[in-house]
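One-letter residues, chain by chain:
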Amino acid sequence: MKKLLLKVTGMTCDGCANSVKKALSNVDTVKDVNVDRKNDNVSLTYDEDKVEEAAIVHAIEKIGYKVNRDN
Ligand SMILES: [Cu+2]
């Protein structure tokens, strides 16, 4: 499992944070999703052998938020 930290901008309320969390939870192998809306931080773990990081980023962008990779 690999840990991923992303900067996600555009989350203006707790509803947004929940939407992001839900979208990520639907991506295969993703777990331990944590959304810190105030700091635009989203962390999670996933299996890098089965899922591309791009698929995770896409899941967020698809519902309308911007992702900036934090390494
Ligand atoms: Cu919102």
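Look up: the structure comes first, before these words.
Every chain is numbered on its own, with residues counted from 1 as its sequence reads. At least 70 in pLDDT is required for a residue's local features to be given in this predicted model, at least 80 for side-chain atom pairs to be given and counted, and no such filter applies to totals for whole chains, interfaces and linings, which use all residues.

### With respect to the pairing of strand β3 (residues 41–46)
To sort residues by burial, count the other C-beta atoms lying within 10 Å of each one's C-beta; a count of 20 or more means buried, 12 or fewer means exposed, and anything in between means partly exposed. C-beta atoms are built from the backbone. A run of H or I in DSSP counts as a helix once it spans at least four residues, and a run of E counts as a strand once it spans at least two, with each numbered from the N terminus. Only one face of β3 is buried, namely the one carrying V42, L44 and Y46, since none of N41, S43 and T45 on the opposite face is buried. Whether two strands pair comes down to DSSP finding at least two bridges between them. As paired elements, strand β1 (residues 2–9) and β3 share six bridges and run antiparallel to each other. Opposite K7, over in β3, you have N41 as the bridge partner. Here strand β2 (residues 31–36) runs beside β3; their pairing, made up of four bridges, is antiparallel. Paired with V35 across the strands is V42, a residue of β3. In textbook terms, the turn of a hairpin is the stretch between consecutive antiparallel strands, and for β2 and β3 this stretch comprises four residues, one of which, D40, has a positive phi near 60°.

### Points about the environment of L44
Within the element layout of this structure, L44 appears in strand β3. C-alpha of L44 to C-alpha of I56: the two residues are twelve residues apart in sequence and 9.9 Å apart in space.

### Quick look at the nonpolar core
Among soluble globular proteins, nonpolar side chains are generally buried collectively. V8, V20, L24, V42, L44, I56 and I60 are the most contacted members of the largest nonpolar core, which totals 16 residues. Of all the secondary-structure elements, those providing two or more residues to this core are β1, α1 (14–25), β3 and α2 (53–62). For the purpose of contact definition, each residue receives a C-beta atom placed from its backbone, and two residues are in contact when these atoms lie within 7 Å. Excluding its chain neighbours within four sequence positions, the residues that come into contact with L24 are V30, V33, L44, I56, A59 and I60. Note on terminology: a nonpolar core is a set of buried residues of type Ala, Val, Leu, Ile, Met, Phe, Trp, Tyr or Cys, with members joined through C-beta atoms within 7 Å.

### Focus on unusual backbone geometry
The residue T29 is not glycine, and still its phi comes out positive at about 75°. Counting through the fold element by element, T29 comes out in the loop between α1 and β2. Positive phi values are uncommon outside glycine, yet D32 reaches one of about 55°. Mapping D32 onto the fold places it in strand β2.

### Some points on α2
Among all positions in α2, only I56, A59 and I60 are buried. End-on view of α2: buried residues confined to an arc of 95°, all on one side of the axis. Projecting away from the buried face of α2 at angles above 90 degrees are the exposed residues A54 and K62. Buried-residue contacts for α2 involve β1, α1, β3 and β4 (66–69). Looking one or two residues beyond α2, the residue adopting positive phi is G64, at roughly 105°. Picture the helix axis, draw a direction to every C-beta atom, and the arc is the one those directions span.

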